[in-house]
Amino acid sequence: MPEGSNIMSASDLMLTFLSHTSANDVKYIGGLNPFTIKVDGEEVFIYIKNLSPAQLSNNNPDIWRIQLPMRDDFEKIKESSSPFILLGYDKDNDVYTTWNPYWCKQRLNVGKSVSLYSRLSLQQRVHENDKIEQLPLNNDGDVVCLPGNKIYEYIKNFKTYYPDETLFVARNSSIQAKLREAKTPNELYTAFIDINANADGYQKFLESTGRTKSTVGNYLNALKYVVQNGILEKYRHFFTNCSNYGQYIAPMKALVSTDEIKVKDESWHGAIRAALNRYLEYWQGKVGTEPVQATLFDNIEEPSAQKLFEQDDFGKLIAVDETLYNQLQPFTKIDYPDYEEMVKIAEAFYPLEVTAKMTPVDWIKLFENLKKVKKSKDKKAKSSKRDDNISMKAKDDKTTRKATTLRITLPDGTVIYNRSATKTYKDIIENNYPDLIEEIDFGYPVIAKERMPDFKTTKRSQEQLYNGYWLSTNFSTETKAEILKRVSEELGLELVISIVNKE
């Protein structure tokens, strides 16, 4: 936390704001952070938090943030059509930072405390230049930073900084229900992404097409994921020129082609884009327009159309597919198999409707019995010979392949190198905002404030960082490099990450 002198009370934050706007047509209406004002006669909700370093253990903590909590008095704001302006205040530099107001309103009371980020260097620059600046951030959209004396100017003109969503209705508010019959492009889209109102109809539509119960559940979960995480709200502007749902084909194709959807869809094994495909098909059937063409999402295969796998009555795998078997066999030749890496390979191989039923313990039990994979009688001899060849190849690879480690180059040219890839990996994580890294969704456990539970059949390799976090370390060098690359991209660290032979 910042020094005590930098922390301002809710009332002081409000009074400071009002002093910054005292020369303008701003009238205080009521409330104590959040509070309501009228700007030139129009109602606006304001909520202000102290900006503070995200991690003080670093020598150069440029990443600052505020945290948006859950509060009962936010419900009134969600129900209102009036703008909501979320502000972070840096007392030392007398500057505010702020984020997309529509996006912030979307995040009110939707889950645990939400962090929104800024940069100390930006705050200091704005203080010195006395000008409003807008800066793109890797993980949180754009942040706008402005001198305290220009807060009125920003509130009057915030749509010039965030023009994409000129109409916003908070999810689950009563206003959404009133807009379901609306006809403007924004209102059409608001009704379209109201999954609570359409979940039952969408489910019945999927069931009517002959899809399995598991596939229906996967599609519903994928659709809820993109709605609840604000992804569909974020891309509302793609649909602003559509006056009916029959015109949604082109913008929907643009939506699923965005990098954000593609990246998230990889961890869902294609279910997100397939779910959106079927959802648009459901809507167009609902309003009597032509169905979506099969090629709309580049011929994404449905999980239900995949080959059948050997599963028990509960849908859990009882045997590994032969292709995957070949990929995993080398892992069984070492004393302590990298089970998390094996799970990652297996989950990428199978469709979501299969992996959704498997727990870590299920996977490990399966991996422990890889040599017992079911094979037809006429292939037993051939399989046995193949197993011997695989075993020999694994031994050869182990003796001939050079051991590798990580080499990290910092933006200032400093090189971090250890013979142990784990030590380099740990050093980078430990010294670059573990609290922010914890919020990154890697798709598998990497870092947590408390020790992560071990698997039943093996202990998870973990090391405790000096700041109390627990870090999973039983990854291959390649996976450690992938994790560090993701961290660098999300936090803007500009690391150059190389896998090199040990010296």
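The present account deals with the structure reproduced in this document. All of these numbers come straight from a predicted model, not from anything done at the bench.

Cut-offs used in this document
- Residues numbered from 1 in each chain as written.
- Predicted model: local features only at pLDDT ≥ 70, side-chain atom pairs only at ≥ 80, totals over all residues.
- Heavy atoms only, no water.
- Phe/Tyr/Trp six-rings, centres within 6.5 Å; stacked < 30°, edge-to-face > 60°.
- Helix = DSSP H or I, 4+ residues; strand = E, 2+ residues; numbered from the N terminus.
- Buried < 20%, exposed > 50% of the residue type's maximum accessible area, 1.4 Å probe, protein only.
- Lys NZ or Arg CZ within 6 Å of the ring centre and 35° of its normal.
- Pairing = 2+ DSSP bridges.
- Axes fitted to C-alpha atoms, helices over the stretch in contact; angles between N-to-C directions.
- Contact = heavy atoms within 4.5 Å.

Description of the packing of aromatic side chains
Phase 1 of the analysis: A full pass over the atoms with the stated rule returns 22 aromatic pairs.
Phase 2 of the analysis: Taking the centre distance of 4.5 Å and the plane angle of 20° together, the rings of Y189 and F239 count as stacked. With Y189 in helix α8 (residues 185-192) and F239 in the loop between α11 (231-234) and α12 (249-256), this pair connects stretches of sequence that are 50 residues apart. For the residue pair Y189 and F239, the accessibility class agrees, reading buried in each case.
Phase 3 of the analysis: Consider the rings of Y202 and Y282, whose centres lie 5.9 Å apart with planes at 50°: the pair is tilted. On the criterion of sequence distance, the pair formed by Y202 in helix α9 (residues 195-208) and Y282 in helix α14 (residues 271-286) is long-range, its members being 80 residues apart. For the residue pair Y202 and Y282, the accessibility class agrees, reading buried in each case.
Phase 4 of the analysis: Each residue in the set Y189, F192, Y202, F205, F239, Y248, Y279, Y282 and W283 is aromatic and connected to the rest through ring pairs, giving one cluster.
Phase 5 of the analysis: The ring of F74 carries R71 above its face, with NZ or CZ at 5.9 Å from the centroid.
Phase 6 of the analysis: Across from the ring centre of W103, 6.0 Å away, lies the NZ or CZ of K234, which sits over that ring.

Some remarks on the sheet that holds strand β11 (residues 404-409)
Phase 1 of the analysis: Ordered by their spatial adjacency, 3 strands build an open sheet running β12-β11-β16, and the pairing between neighbours is antiparallel. The sheet is open, and its two borders are formed by β12 (415-417) and β16 (496-501), each paired with just one other strand. On average, adjacent strands in this sheet sit at an angle of 25° to one another, irrespective of strand direction.
Phase 2 of the analysis: In this structure, β11 lies alongside β16, joined through 6 bridges in antiparallel fashion. Paired with T405 across the two strands is V500, which belongs to β16.
Phase 3 of the analysis: Helix α20 (residues 421-430) rests against β11 and β12 of the sheet, and its axis sits at about 30° to β11.
Phase 4 of the analysis: Here helix α22 (residues 477-491) sits on the sheet in contact with β11 and β16, set at roughly 20° to β11.

Description of unusual backbone geometry
Phase 1 of the analysis: Cis geometry is found at the peptide bond from N33 to P34, where omega equals 15°.
Phase 2 of the analysis: Within the chain, N33 stands out as a residue other than glycine whose phi angle is a positive 50°.
Phase 3 of the analysis: Along the chain, N33 turns up in the loop between β1 (26-31) and β2 (35-39).
Phase 4 of the analysis: Here N33 falls in the buried class, since its relative accessible area comes to 4%.
Phase 5 of the analysis: Here D40, not a glycine, exhibits a phi torsion of approximately 50°, which is positive.

Some thoughts on the side chain of N93
Phase 1 of the analysis: Mapped onto the secondary structure, N93 falls in the loop between β6 (84-90) and β7 (95-99).
Phase 2 of the analysis: Given a relative accessible area of 12%, N93 falls into the buried group.
Phase 3 of the analysis: Beyond its immediate stretch of four places on either side in the chain, N93 contacts L120, Q123, Q124 and H127.

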